[in-house]
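Now for the letters of each chain:
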Amino acid sequence: MPKTVFSIDQSRPMRDQDVPGHNRWHPDVPVAAMVRPGDEFRVECRDWTDAQIGNNDSANDIRDVDLMRCHMLSGPIGVEGAEPGDLLVVDILDLGPVPQQTGDAPGQGWGYTGVFAKANGGGFLTDYFPDAYKAIWDFHGQVATSRHLPGVRFTGITHPGLFGTAPSQEMLERWNRREQALVDTDPDRVPPLGLVPSPEQALAGKATGSDAERIAREGARTVPARENGGNHDIKNFTRGARVFYPVYVKDAKLSGGDLHFSQGDGEITFCGAIEMGGYIDFHVDLIKGGMEKYAITTNPVFMPGNVEPRYSEFISFIGISVDHDTETNYYLDATVAYRRACLNAVEYLKRFGYTGEQAYLLLGAAPIEGRISGIVDIPNACCSLYLPTGIFDFDVRPTAEGPKAVDRGQCAVTS
């Protein structure tokens, strides 16, 4: 078993751990542990909200979640000999929920999927589902089931939603300038166009005093993916994956968390994966000068893992870049097209007795495939969503007899 270099007590918030993690990107967050090229090691993680969500039948906790605390990251893990311009080679050896534990924290035998309220983060379909909803999932080995989504059972493709290296000070300043400029184009938008630095609920790892205050004031929020990696939410970052991260600071400073038991492409509800705490085992190495050698300068490159559910039959929903509610055509807009594919899938699943909210949660959590199918045929982009038929305990395919709708209850809602 690999040596654990970052430990978590799931009964305590990240701020109260023996070695706390962090929730802002900044080059001066102190290294929590050092490893060498060639080492194999384990990193334990809290769930991304720091366990603000409970195993219950109310979505009030999703509605009221404090996003200033997110994401809670384990690390940074320094890699001996890493220098700016290198590539950090990261192999995902294994990962999963908290082993041999049941309890109140996500990952202790259960996880959750949430639809965030439009006023507090929102999601891909927030104009259609502006309120907060939740589904709790129980883990059975590799399989997940939910009392809030009856009739569904699937194998998860477990992966970390977020890992990355520390930015340089110059890169951090570029991030903050460009994201502030975007927000300034529509500063009153709900949800906002971006999340600019804020010291509220900031956690700076082992930093103290004026250093911690400066990190809190300058540090970039962890919500988006950026040049350093970050919140990619790519479900194929699973066992067997190899990631090549650009190195921007001495020791690389690898950090991450946001572990997912399963997720559909796009994580469309914003909290759309099956969220959990747990562990992840890594092997690391270095390619000296690798950023220049391979022209990997603006984003990581990765080789997908070779472990995934074996679903062979799908029902696929197509969307084009037309808003059918207003009959507005958009020029090759893949975002509009994928949104329409998702909405088409939601309407289809409602015919079998699911509520729209249940269908939306399912598309975020199940191992669906999202694809850009056409991006040149003006004026319409075409996107498609592939839903595995094998995850249902009934026939979800179209037949001459028509869909058989039954009462499938409801997901957790707010009060």
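Residues numbered from 1 in each chain as written. Predicted model: local features only at pLDDT ≥ 70, side-chain atom pairs only at ≥ 80, totals over all residues. Heavy atoms only, no water.

Considering the overall build of the protein
How we decide: Secondary structure follows DSSP: runs of H or I at least 4 residues long count as helices, runs of E at least 2 residues long count as strands, and numbering of each begins at the N terminus. Here the globule rule is a power law, 2.2 Å times the number of residues to the power 0.38, and the radius of gyration is based on C-alpha atoms. A simple rule labels every residue: compare its accessible area, found with a 1.4 Å probe on the protein chains alone, to the largest value its type can have, and call it buried under 20%, exposed over 50%, or partly exposed in between. Contact definition: two residues touch when any of their heavy atoms are within 4.5 Å. Under the convention used here, a 1.4 Å probe and the Shrake-Rupley method define accessible areas, while residue burial counts only the protein chains that appear. Residues scored as positive are Lys and Arg, those scored as negative are Asp and Glu, and His as well as the terminal groups of each chain are ignored. Taken as the charge location is NZ of Lys, CZ of Arg, CG of Asp or CD of Glu.
Within the protein, the regular secondary structure consists of 6 helices and 23 strands. The C-alpha radius of gyration of the protein comes to 21 Å, within 12% of the 22 Å expected for a compact globule of 415 residues. Buried residues in the protein amount to 56% of all 415 residues. Long-range pairs, those at least 24 residues apart, make up 80% of the contacts in the protein between residues at least 6 apart in sequence. A total of about 17100 Å² of accessible surface is found on the protein, and carbon and sulfur atoms cover 49% of it. Counting 38 positive and 56 negative side-chain charges, the protein places the centres of these two groups 2 Å from one another.

A word on unusual backbone geometry
Among all residues save glycine, negative phi is the norm, and among peptide bonds the norm is trans. In this chain, Gly 75 is followed by Pro 76 through a cis amide linkage whose omega measures 0°. At the junction of Ile 378 and Pro 379, the peptide bond is cis and its omega measures out at 5° in the coordinates. Along the chain, Pro 379 turns up in the loop between strand E21 (369-374) and strand E22 (382-388). Even without being glycine, Leu 332 reaches a positive phi, approximately 45°. Tracing the sequence through the fold places Leu 332 in the loop between strand E20 (328-329) and helix H5 (334-350).

Some points on a nonpolar patch on the surface
Stated formally: To count toward a patch, a residue needs a relative accessible area over 30% and no salt bridge; like charges are then connected within 9 Å, while nonpolar side chains (Val, Leu, Ile, Met, Phe, Trp, Tyr) are connected within 5 Å. We count a salt bridge whenever a side-chain nitrogen from Lys or Arg sits within 4 Å of a carboxyl oxygen from Asp or Glu.
Side chains of Ile 372, Ile 375 and Val 376 sit close together on the surface and give an oily, nonpolar patch of about 300 Å² of accessible area. Among the structural elements, Val 376 can be located in the loop between E21 and E22. Val 376 gets classed as exposed once you look at its relative accessible area, which sits at 63%.

Section: the domain arrangement of the protein
For clarity, the cut-off: Domain start and end points were adopted from an automatic or database domain assignment. Buried area counts how much accessible surface, traced with a 1.4 Å probe, disappears from two parts once they are put together, with both parts' losses summed. Here a polar contact is recorded for every N or O atom pair within 3.5 Å, except that within protein the pair must consist of a potential hydrogen donor and a potential acceptor, and residues adjacent in sequence are included only if both atoms are side-chain atoms.
Each assigned domain of the protein is listed with its residue range as follows: domain 1 (3-303) and domain 2 (314-413). Here the C-alpha centroids of domain 1 and domain 2 sit 27 Å apart. The interface is formed by 38 residues belonging to domain 1 together with 34 residues belonging to domain 2. Across the interface of domain 1 and domain 2, roughly 2800 Å² is buried in total on both sides, 66% from carbon and sulfur atoms. Our count for the domain 1 to domain 2 interface comes out at 1 salt bridge. A salt bridge links Glu 369 to Lys 235; the nearest nitrogen and oxygen atoms lie 3.4 Å apart. Joining domain 1 to domain 2, the criterion identifies 22 residue pairs in polar contact (both at pLDDT 80 or more). For the side of domain 1 that touches domain 2, the secondary structure elements donating two or more residues are strand E6 (110-115), strand E7 (133-140), strand E9 (153-155) and strand E15 (270-276).

Focus: the packing of aromatic side chains
Cut-off, in case you're wondering: Within 6.5 Å between ring centres, the rings of Phe, Tyr and Trp (the latter by its six-membered ring) count as paired, and their orientation is classed by plane angle as stacked under 30 degrees, edge-to-face over 60, tilted in between.
Using the criterion set out here, one finds 16 aromatic pairs in the structure. Their ring planes at 25° and their centres at 5.8 Å tell us that Trp 48 and Phe 116 sit as a pair that is stacked. Placement of the pair is Trp 48 in the loop between strand E3 (40-45) and helix H1 (60-64) and Phe 116 in the loop between E6 and E7, with a sequence separation of 68 residues. Taking the relative accessible area as the measure of exposure, Trp 48 reaches 2% and is therefore buried. Residue class for Phe 116 comes out buried when judged on its relative accessible area of 1%. Ring pairs connect the aromatic residues Phe 317, Tyr 348, Phe 352, Tyr 354, Phe 392 and Phe 394, which therefore count as one cluster.

Thoughts on the packing of H5 against helix H6 (residues 356-365)
The test is simple: Between the N-to-C directions of two axes lies an angle of 0 to 180 degrees, each axis being a line fitted to C-alpha atoms and, for a helix, fitted only over the stretch in contact. Working definition: roughly parallel below 35 degrees, roughly antiparallel above 145 degrees, roughly perpendicular at 65 to 115 degrees, and oblique for all remaining angles. It is the rotation of the near helix from the far one that decides the hand of a crossing: anticlockwise by less than a right angle makes it left-handed, clockwise makes it right-handed. Gly counts as polar in this scheme, as do all residues outside two lists: the nonpolar Ala, Val, Leu, Ile, Met, Phe, Trp, Tyr, Cys and Pro, and the charged Asp, Glu, Lys and Arg.
Across the interface, H5 lies against H6 with an axial gap of 9 Å and an inter-helix angle of 125°. By the angle between their directions, the pair H5 and H6 is classed as oblique. H5 and H6 meet at a crossing whose hand is right-handed. Residues Cys 342, Ala 345, Val 346, Leu 349 and Lys 350 of H5 form the contact with H6, whose own contacting residues are Gly 356, Ala 359, Tyr 360, Leu 362 and Leu 363. Each residue belonging to the contact of H5 with H6 can be placed in one class, and the counts come to 8 nonpolar, 1 polar and 1 charged.

Let's talk about the environment of Glu 267
By secondary structure assignment, the location of Glu 267 is in the loop between strand E14 (254-260) and E15. As a C-alpha pair, Glu 267 and Ile 368 span 101 residues in sequence and 9.7 Å in three-dimensional space. Setting aside its immediate chain neighbours within four residues, Glu 267 contacts Asp 233, His 260, Gly 272, Ala 273, Glu 275 and Gly 364.

Considering the pattern of salt bridges
Evaluated as defined, the whole model comprises 28 salt bridges. A salt bridge links Arg 36 to Glu 80; the shortest N-O distance between them is 3.6 Å. One end of the pair, Arg 36, is in the loop between strand E2 (33-35) and E3; the other, Glu 80, is in the loop between strand E4 (73-79) and strand E5 (87-97), with 44 residues separating them in the sequence. Given a relative accessible area of 43%, Glu 80 falls into the partly exposed group.

Examining the layout of surface pockets
To locate leftover empty space, one rolls a probe as large as a water molecule over the atoms. What counts here: Whether a set of points on the 1 Å grid over the protein atoms alone is a cavity depends on a 1.4 Å probe fitting there but being unable to get out, while an open set qualifies as a pocket with protein on both sides within 12 Å along at least five of seven lines; lining residues are those with an atom within 4 Å of a point. Grid points are joined across faces, edges and corners, and a volume is the space filled by probe spheres set on the points.
Considering only enclosed or pocket space, the second largest pocket measures out at about 230 Å³ in volume. If you go around the second largest pocket, you meet 14 residues; those closest to its centre are Phe 352, Asp 395, Gly 402, Pro 403 and Lys 404. Split into classes, the residues belonging to the lining of the second largest pocket amount to 6 nonpolar, 2 polar and 6 charged.

Considerations on the environment of Asp 57
When you line up the elements, Asp 57 lands in the loop between E3 and H1. Setting aside residues no more than four positions away along its own chain, Asp 57 makes contact with Arg 147, His 148, Ala 412 and Val 413. Within the local environment of Asp 57, its side chain forms a polar contact with the side chain of Arg 147, the two groups lying 2.9 Å apart. At 2.9 Å, the side chain of Asp 57 forms a polar contact with the side chain of His 148.

Regarding empty space enclosed by the protein
For the structure on display, the rule yields 1 cavity of 30 Å³ or more. By volume, the largest cavity amounts to about 40 Å³. For the largest cavity, the full set of lining residues is Val 90, Ile 92, Pro 160, Phe 163, Phe 237, Val 243, Tyr 245, Leu 254 and Phe 282. When its residues are assigned to classes, the lining of the largest cavity shows 9 nonpolar, no polar and no charged.

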